[in-house]
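# Chains, contacts and geometry: an overview
Single-letter residue listing:
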Amino acid sequence: MHSENSSHIVNTREMLIKAQKEHYAVPAFNIHNLETVQVVVETAAEWRSPVILAGTPGTFEYAGGDYLVAIVETAARKHDIPIALHLDHFESFEAIKTYLDMGVRSCMIDASHEPFEENVRIVKEVVDYAHRLGASVEAELGRLGGVEDDLIVDEKDARYTNPKQAKEFVARTGIDSLAVAIGTAHGLYKGEPKIDLERLSAIRQEVSVPLVLHGASDVPSPIVQETIRRGICKVNIATDLKIPFADAVKQYFAEHPDANDPRKYLTPGKEAMKKVVIEKIKMCGSHGKA
Ligand code: 13P
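Residues numbered from 1 in each chain as written. Predicted model: local features only at pLDDT ≥ 70, side-chain atom pairs only at ≥ 80, totals over all residues. Heavy atoms only, no water.

## What about helix α5 (residues 93–102)?
Burial in α5 covers these residues: Phe93, Ile96, Tyr99 and Leu100. The buried residues of α5 all sit within an arc of 130 degrees when viewed along its axis, so they share a single face. Exposed side chains of α5 directed beyond 90 degrees from the buried face belong to Glu94 and Asp101. Gly103 lies just past α5 and shows a positive phi near 125 degrees. (Buried < 20%, exposed > 50% of the residue type's maximum accessible area, 1.4 Å probe, protein only. Helix = DSSP H or I, 4+ residues; strand = E, 2+ residues; numbered from the N terminus. Arc of directions from axis to C-beta.)

## Points about the packing of aromatic side chains
Applying the stated criterion across every chain, the model contains seven aromatic pairs. When the ring of Phe90 is compared with that of Tyr99, the centres are 5.8 Å apart and the planes differ by 85 degrees; the resulting orientation is edge-to-face. Grouping residues by exposure puts Phe90 and Tyr99 together as buried. (Phe/Tyr/Trp six-rings, centres within 6.5 Å; stacked < 30°, edge-to-face > 60°.)

## Section: the packing of helix α9 (residues 221–229) against helix α12 (residues 267–284)
Contact geometry for α9 and α12: axes closest at 9 Å, N-to-C directions at 40 degrees. It follows from the interaxial angle that α9 and α12 lie oblique. In this structure, α9 uses Ser221, Val224, Gln225 and Ile228 to contact α12, whose residues at the interface are Lys282, Met283 and Cys284. For the contact of α9 with α12, the per-class residue count stands at four nonpolar, two polar and one charged. (Axes fitted to C-alpha atoms, helices over the stretch in contact; angles between N-to-C directions. Parallel < 35°, antiparallel > 145°, perpendicular 65-115°, else oblique. Contact = heavy atoms within 4.5 Å. Nonpolar A, V, L, I, M, F, W, Y, C, P; charged D, E, K, R; others polar.)

## Remarks on the pairing of strand β4 (residues 106–109)
By the alternation rule, side chains of β4 split into Ser106 and Met108 and Cys107 and Ile109, which are all buried. The parallel pair strand β3 (residues 83–90) and β4 is bridged by α5, and the resulting crossover is right-handed. Pairing of β4 with strand β5 (residues 136–141) involves four bridges; the strand directions are parallel. Counted as the bridge partner of Cys107 is Val137 from β5. In this view, the connection linking β4 to its parallel neighbour β5 by way of helix α6 (residues 116–132) has right-handed handedness. (Right-handed = clockwise from strand over helix to strand, strands pointing away. Pairing = 2+ DSSP bridges.)

## Details of the sheet that holds strand β2 (residues 51–55)
In space, the eight strands of this closed barrel follow the order β1-β2-β3-β4-β5-β8-β10-β11, with parallel pairing throughout. Direction aside, neighbouring strands of the sheet carry axes that sit 25 degrees apart on average. Here strand β1 (residues 26–30) runs beside strand β11 (residues 232–237); their pairing, made up of four bridges, is parallel. Across the sheet, the residue bridging to Pro27 is Val235, located in β11. Running at roughly 150 degrees to β1, α12 makes contact with β1 and β11 of the sheet.

## Observations concerning the site of the ligand
Not every one of the 15 residues close to the ligand is listed here, only the nearest: Asp88, Glu148, Gly215, Ser217 and Thr239. At 3.2 Å from an oxygen atom of the ligand is found a side-chain nitrogen or oxygen belonging to Glu148. Separating an oxygen atom of the ligand from a side-chain N or O atom of Asn236 is a distance of 3.2 Å. Here the ligand has 310 Å² of accessible area as a free molecule, and 99% of this is covered by the chains. At the level of elements, β3, β9 (185–186) and β11 are the ones that each hand at least two residues to the shell around the ligand. When its residues are assigned to classes, the shell around the ligand shows four nonpolar, nine polar and two charged. (Near = heavy atom within 4 Å. Polar contact = N/O pair within 3.5 Å; in protein donor to acceptor, adjacent residues only side chain to side chain. Areas by Shrake-Rupley, 256 points an atom, 1.4 Å probe, with all protein chains shown as cover.)

## A look at the pairing of β2
For β2, the buried fraction is high: five of the five residues fall into the buried class. Here β2 shows two buried faces, one formed by Val51, Leu53 and Gly55 and the other by Ile52 and Ala54. When β1 meets β2, the two strands line up parallel, connected through three bridges. Paired with Phe29 across the strands is Leu53, a residue of β2. As for the winding sense of the linkage, the β-α-β connection from β1 through helix α2 (residues 34–46) to β2 is right-handed. Taken together, the five bridges between β2 and β3 define a ladder with parallel strand orientation. Across the sheet, residue Ala54 finds its bridge partner in β3, namely His86.

Structural data, given as structure tokens:
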């Protein structure tokens, strides 16, 4: 176990390998502030689920990496479940270095917009640095459409992951997990999302590291569960948490137009998020796995 002075924040390697062996997925929730961290961690602890707290570059700038590491470290000391803080969709090696040096132990380097060789080169550079610190690395091959903070990818620029290329990508970069593009997108969908399950199975045949599903909000649970059966071990959820939080706060203000105490108006938002966190943990089958 941890010594008193060492960090309790873990990387995502072991938790995802355990999920892969036992056929469930670890939910990764995008967090933005103290309230989201508290709700996600306390709910995961109640349900004995390992959990990943993901922050985009925008979130790390907004909240401050030092604050986030300290808050998550506090949460990880309080609760006896695996808790990871993860850099989500980081495109800059320098930024990743900064936050790994602060104590973050899991990162995604997203160079999926680059040509294949350049993607390999950038990812390998991050892997070499991160692995020296015991941190784990996720990278993306293919490209998801949709909107995630400042990352906006038009549908026409979205590309599916090529299974054979995925094999070469994993072998040459040494990444710990691979984000696949199989038809999900960040944010809400216009109709029912069309997920290429055959492609996912083909990728799984070629690649042995845990696979990651981005853009899982607004995808029907049975479909997400089918992706888990076919090899997804980490499920990313942002929008499905943000909307109920905002809606509950808006409703509170509609009913209490003069409210000004954040402890009061944020509480319904926290309660709304908690319901979603429970649903997603059950969808992932991660309860009782901590
Ligand atoms: P959603 O907002 O669609 O859940 O996407 C989250 C995500 O993939 C974070 O990387």
